[in-house]
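Here is what each chain is made of, one letter per residue.
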Amino acid sequence: MKLNRKNLSALAPEIDVPAYDPADVRQGIAHIGVGGFHRAHQAIYTEALLNRGEAREWGICGIGLRREDRAMQQALAEQDHLYTMFVLGDEPGLEVRVVGAINGMLLAEDSPAALIAKLADPAIRIVSLTITEGGYCIDDSSGEFMAHLPDIQHDLAHPEAPRSVFGFLCAALAKRRAAGIPAFTLMSCDNLPHNGAVTRKALLAFAHLADHELAGWIDSHVSFPNAMVDRITPMTSDAHRAQLAERHGVADAWPVVCEPFLQWVLEDKFVNGRPAWEKVGVQFTDDVTPYEEMKIKLLNGSHLALTYLGFLKGYRYVHETMNDPVFRRYVRTFMDLDVTPQLAPVPGIDLDDYKDTLIERFSNQAIADQLERVCSDGSSKFPKFIVPTINRLIEDGRPLERAALVVAAWALYLKGVDESGTTYRIPDPRAEFCQALVADDDKVRERVLGVEVIFGTAIPQSAAFVTAFELCYDSLRKLGVTRTLQTLLGE
C-alpha cells in the first residue's frame, strides 16, 4: 500500500503511525542535509514529542543545497512528506514507524530567495545541520576556514544567490538582523569533535569576510551547542524497500533503515527556545566533551579500523567483517589497548559495557550496514576519527602497529582492487587526489603520510610510526589481511 496520509488508517496494526494530525504541525526547525541519519535520529526525537501531544510548533522543514537532494525531496513530496523508519536487529518485533515530523522540503536550486526567506522566518528558531565531516570547509591541518573554495568565493561575490551553507546562513541572519528578528540556534548534528564550536568558527570566518558588523551580531546572538549523536543508519537499498513491503505491506519510496540503538547528548545552549527533547531521551549536559571523545574514538575510530581491512578481504558488510573471529579480536584489542587509555571518565557510562555494545551493534546482521558507507569520504574522516588517537599514541610512546594498520589498509584500499581481484570505486570527493597518492608503489609512504591536511605534522615526523606503517603496508601486500592480523595479534 502506497504511503500517504489517506492510507495511514489502513496500514497493518504493527505499524506505528502519527498520533497527531500532521496538518496541525508548524515548522520551527529548518534542517540542512536531509539524509538517512537525520531521519533516523533528530527527526525521531521530535516525532516522539509530537506523539505525546507536544512540540506542535517544532515541525521540521527539510533543506537541500545539493542537486542530488532533489530525489529525496520528490520522494517525500509524493507521499505527503511521510516516511517509514524500519528498525532492524537480530531480535523479532522491532519498531516500524511512520514519521511525519518533516512536513516540507525546499531546494536551493529551485529558489535561493525562497530558501533565505524560510531561514529568516521568525517561526524558524533552530537550524540544524548534517552536512558531513567535510562540509564545514575547515582545513584539518591548519584549523583555518578554507575561504578559497569556489562556492565560498562565489557567495562572497553574490550574497543574494548563495551556493554554500554558510552563504545561505549569513544571508538569512542578515535579513533577521535588519528586520529585528531574533537569531536562531545553529545546531550541528555531524560526527565532529566539538561540532558546535567548528560550526561557529566556520560561520564567523565566512561572516567576517562578508560583513564585519554582521559577524559581530552573529557572535553575540547565535548559539552553537555541541552534540554527540549516535545511530547506525545504512544506506537504504532496494532490498530494504522490498523487505518493508513484503513484511509490512508498505510501499515507501525512501524508508530509512536503522539499528535499535539511539543516543543524543546535547549542550543546553539555545537562544530562541527548543523542544523538550529531554522528555524523550535526549541527555542535556553542560559539557559534551567526554561523550563525544568516547563515541568518536571508540565507535567511529573502530569503524575505520575494520572497514578498509574488511573491504580488502572481500567483505562488503560490517557484520560479515565482525563474523570473522580475527577481525573481531583485532577491533576489540584496538578499542581496549589503543583507545580506552586515552579516554576520561564519562558520566553515567561504563566503558566496558559500551565497548560490548559496540561489538554487538557492529555484528547486527539484520541491518546489513554497508562497508562502502563506512569507507566513504575517508580523507575527511581520518583527521577526526583516527589521527587524534595516533597523535596521542605517539606522544605517550605507546605501540603504534594496530593504529598504523588502519592507515596502511586505507592506502592499499585506495588502489581499488581487493584480495580476490575485484575492482571497486572509491566513494570520496577527493578520490582522484587520494588514488594518485598510491600510484607509485615506491612512494606510497612519503605521499600518503605527507598529506598534511589529512595526517598533520606529528605522524610523518614520527620515525616509529613511519616504520610501523611501512611494515603493515608491506605485510598487507605480501601476506594478505588475515595473516597480517594474526601476526599483529601474536597468533
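Please read all numbers here as calculations on a predicted model, not as lab measurements.

Scanning the protein chain from terminus to terminus reveals 22 helices and eleven strands. Taken over C-alpha atoms, the radius of gyration comes to 23 Å for the protein chain, in line with the 23 Å a tight globule of 491 residues would show. Taking the principal axes of the C-alpha coordinates as reference, the protein chain spans close to 60 × 55 × 40 Å. Looking at the protein chain as a whole, 57% of its 491 residues are labelled buried. Total accessible area on the protein chain stands at roughly 19200 Å², and carbon and sulfur atoms take up 49% of it. For the protein chain, the distance from the average site of its 49 positive side-chain charges to the average site of its 67 negative ones is 1 Å.

Here we take up the sheet that holds strand E1 (residues 27-32). The sheet built from five strands is open, its strands ordered E5-E2-E1-E6-E7 with parallel pairing. In this open sheet, the two edge strands, each paired with only one partner strand, are strand E5 (102-107) and strand E7 (185-188). Mean inter-strand twist for the sheet, computed between neighbouring axes without regard to direction, equals 25°. In this sheet, strand E2 (residues 59-64) lies alongside E1 in parallel orientation, the contact comprising five bridges. When the bridges of E2 are listed, His 31 appears paired with Gly 62.

Turning our eyes to something else, we now look at the side chain of Asn 103. With respect to the helices and strands, the residue Asn 103 is situated in strand E5. On the basis of relative accessible area, Asn 103 is assigned to the buried category, the value being 18%. Looking at Asn 103, its side chain comes within polar contact range of the side chain of Gln 27, at 2.9 Å.

With that out of the way, let us pick up the packing of aromatic side chains. Pairs of aromatic rings are described using the distance from one ring centre to the other and the angle between the two planes. Applying the stated criterion to the full structure yields 14 aromatic pairs. Ring plane angle 45° and centroid distance 4.8 Å describe the contact between Trp 264 and Trp 277, whose orientation is recorded as tilted. Of the two residues, Trp 264 is situated in strand E10 (residues 263-267) and Trp 277 in the loop between E10 and strand E11 (283-285); the sequence distance between them amounts to 13 residues. Of the two residues, Trp 264 and Trp 277, neither departs from the other in class, the shared state being buried. An angle of 15° between the planes, with centres 5.9 Å apart, marks the rings of Phe 469 and Tyr 473 as stacked. Remark: Tyr 473 and Phe 469 occur in helix H22 (residues 463-488); sequence separation between them is four residues, near one turn of the helix. Tyr 473 gets classed as buried once you look at its relative accessible area, which sits at 4%. Each residue in the set Tyr 308, Phe 311, Phe 382, Trp 410, Tyr 413, Tyr 424 and Phe 455 is aromatic and connected to the rest through ring pairs, giving one cluster. The ring of Phe 261 has Arg 361 lying over it, and the distance from NZ or CZ to the ring centre is 3.9 Å.

As a packed pair, helix H12 (residues 325-339) and helix H17 (residues 401-413) sit with axes 10 Å apart at the nearest point and diverge in direction by 125°. By the criterion of interaxial angle, the relationship of H12 to H17 is oblique. Where H12 crosses over H17, the handedness of that crossing is left-handed. Where H12 abuts H17, its residues Tyr 330, Thr 333, Phe 334, Leu 337 and Asp 338 lie against Arg 402, Ala 403, Leu 405 and Val 406. Split into classes, the residues belonging to the contact of H12 with H17 amount to six nonpolar, one polar and two charged.

Per the UniProt record, the feature "domain: Mannitol dehydrogenase N-terminal" (unreviewed entry) sits at residues 28-279. Taken end to end, residues 28-279 has its terminal C-alpha atoms 18 Å apart, with 37% of it in helix and 18% in strand.

This brings us to the sheet that holds strand E8 (residues 227-230). In any sheet, the strands associate via hydrogen bonds between backbone groups, in a parallel or an antiparallel arrangement. Strand order in the open sheet formed by three strands is E8-E10-E11, and the pairing between neighbours is mixed. Every interior strand has two partners, whereas the edge strands, E8 and E11, have only one. Each adjacent strand pair in this sheet contributes to an overall mean axis angle of 15°, direction not counted. For E8 and E10, the ladder comprises four bridges, and the chain directions are antiparallel. Each bridged residue has a counterpart across the sheet, and for Asp 230 the counterpart in E10 is Gln 263.

Once that is clear, we can look at the UniProt feature "domain: Mannitol dehydrogenase C-terminal" (unreviewed entry) in the protein chain. As annotated in UniProt, the feature "domain: Mannitol dehydrogenase C-terminal" (unreviewed entry) corresponds to residues 287-475 in the numbering used here. As annotated, residues 287-475 has a helix share of 67% and a strand share of 0%, and its two end C-alpha atoms lie 42 Å apart.

All right, on to the state of the cysteines then. For the structure on display, the rule yields zero disulfides. Free cysteine: Cys 137, not disulfide-bonded; nearest cysteine sulfur from Cys 170 at 12 Å. Look at Cys 170 and you get buried, because its relative accessible area is 5%.

Let us look at helix H10 (residues 289-313). Here H10 spans 35 Å end to end across 25 residues, near enough to the 36 Å set by a 1.5 Å rise per residue. Most of H10 sits inside the fold, with 22 of its 25 residues counted as buried. Trailing H10 by a residue or two, Gly 314 shows a phi angle of about 110°, which is positive.

Turning to the nonpolar core, a few remarks are in order. Across soluble globular proteins, nonpolar side chains have a tendency to be buried as a group. Core analysis: the biggest nonpolar cluster contains 91 residues, and Phe 382, Trp 410 and Tyr 413 have the highest contact counts within it. Residue contributions to this core peak at twelve residues, all from H10. With residues up to four places along the chain from it excluded, the contact list for Tyr 413 reads Tyr 308, Phe 311, Leu 312, Cys 375, Tyr 424, Arg 425, Ile 426 and Pro 427. Counting residues in each nonpolar core, the second largest holds 40 residues, with Ile 63, Cys 137, Leu 173 and Leu 204 among its members.

What follows covers the pattern of salt bridges. Under the defined criterion, the tally for this structure stands at 32 salt bridges. Of the charged contacts in the structure, one is a salt bridge between Asp 396 and Arg 392, with a shortest N-O distance of 2.8 Å. Placement of the pair is Asp 396 and Arg 392 together in helix H16 (residues 387-396), with a separation of four residues, close to one helical turn. For Arg 392, a relative accessible area of 30% gives the class partly exposed. Look at the salt bridges and you will find they share partners, linking Arg 332, Asp 336, Asp 352, Lys 355 and Asp 356 into a network.

As a further point, take the environment of Ala 215. Within the secondary structure, Ala 215 is located in helix H8 (residues 212-221). Along the sequence, Ala 215 and Pro 92 sit 123 residues apart, while their C-alpha atoms lie 52 Å from each other. Apart from the residues within four sequence positions on either side, Ala 215 is in contact with Leu 204, Ala 207 and His 208.

Scoring rules and cut-offs
Every chain begins its residue count from 1, and numbering advances along the sequence as written. Thresholds applied to this predicted model are a pLDDT of at least 70 for local features of residues and 80 or more for the giving and counting of side-chain atom pairs; totals over whole chains, interfaces and linings are not thresholded and use all residues. Side-chain figures throughout are based on the complete set of non-hydrogen atoms in the structure, without hydrogens or water. Numbered from the N terminus, helices here are DSSP runs of H or I no shorter than four residues, and strands are runs of E no shorter than two. Throughout, radius of gyration means the C-alpha value; the globule benchmark is 2.2 Å times the number of residues raised to the power 0.38. To sort residues, take the accessible area from a 1.4 Å probe on protein chains only and compare it with the maximum for the residue type: under 20% means buried, over 50% means exposed, and anything in between is partly exposed. Computed with a 1.4 Å probe, the accessible areas rest on the Shrake-Rupley method; for each residue, only the protein chains presented here act as cover. Counted as positive: Lys and Arg. Counted as negative: Asp and Glu, with His and the chain ends omitted from the count. By convention, charge coordinates are those of NZ in Lys, CZ in Arg, CG in Asp, or CD in Glu. Any two strands are treated as partners once DSSP identifies two or more bridges connecting them. Axis definition: a line fit to C-alpha positions, over the contact stretch in the case of helices; interaxial angles, taken between N-to-C directions, run 0 to 180 degrees. Polar contacts, as used here, are pairs of N or O atoms within 3.5 Å; protein pairs need one atom able to donate a hydrogen and one able to accept it. Residues neighboring in sequence count only if both atoms are side-chain atoms. In this scheme Phe, Tyr and Trp rings, the latter by its six-membered ring, pair at centre separations within 6.5 Å, and the angle between planes marks the pair as stacked below 30 degrees, edge-to-face above 60, and tilted otherwise. In this analysis the charged atom, NZ for Lys or CZ for Arg, is taken to sit over a ring once it is within 6 Å of the ring centre and within 35 degrees of the ring normal. Reported orientations rely on four angle classes, namely roughly parallel under 35 degrees, roughly antiparallel over 145, roughly perpendicular from 65 to 115, and oblique for the rest. Handedness of a helix crossing follows the sense of rotation of the near helix relative to the far helix, less than a right angle counterclockwise being left-handed and clockwise being right-handed. Here, two residues are considered to be in contact whenever any of their heavy atoms come within 4.5 Å of each other. As a working rule, the residues Ala, Val, Leu, Ile, Met, Phe, Trp, Tyr, Cys and Pro are called nonpolar, Asp, Glu, Lys and Arg charged, and the rest polar, with Gly in that last group. UniProt positions are given in the numbering used here, feature names are shortened, and annotations may be inferred rather than shown by experiment. The disulfide criterion used throughout: a pair of cysteine sulfur atoms within 2.5 Å. Take the residue count of a helix, subtract one, and multiply by 1.5 Å to get its expected span. The definition of a nonpolar core used throughout is a set of buried Ala, Val, Leu, Ile, Met, Phe, Trp, Tyr and Cys residues joined through side-chain atoms within 4.5 Å. For this document, the term salt bridge refers to a Lys or Arg side-chain nitrogen within 4 Å of an Asp or Glu carboxyl oxygen.

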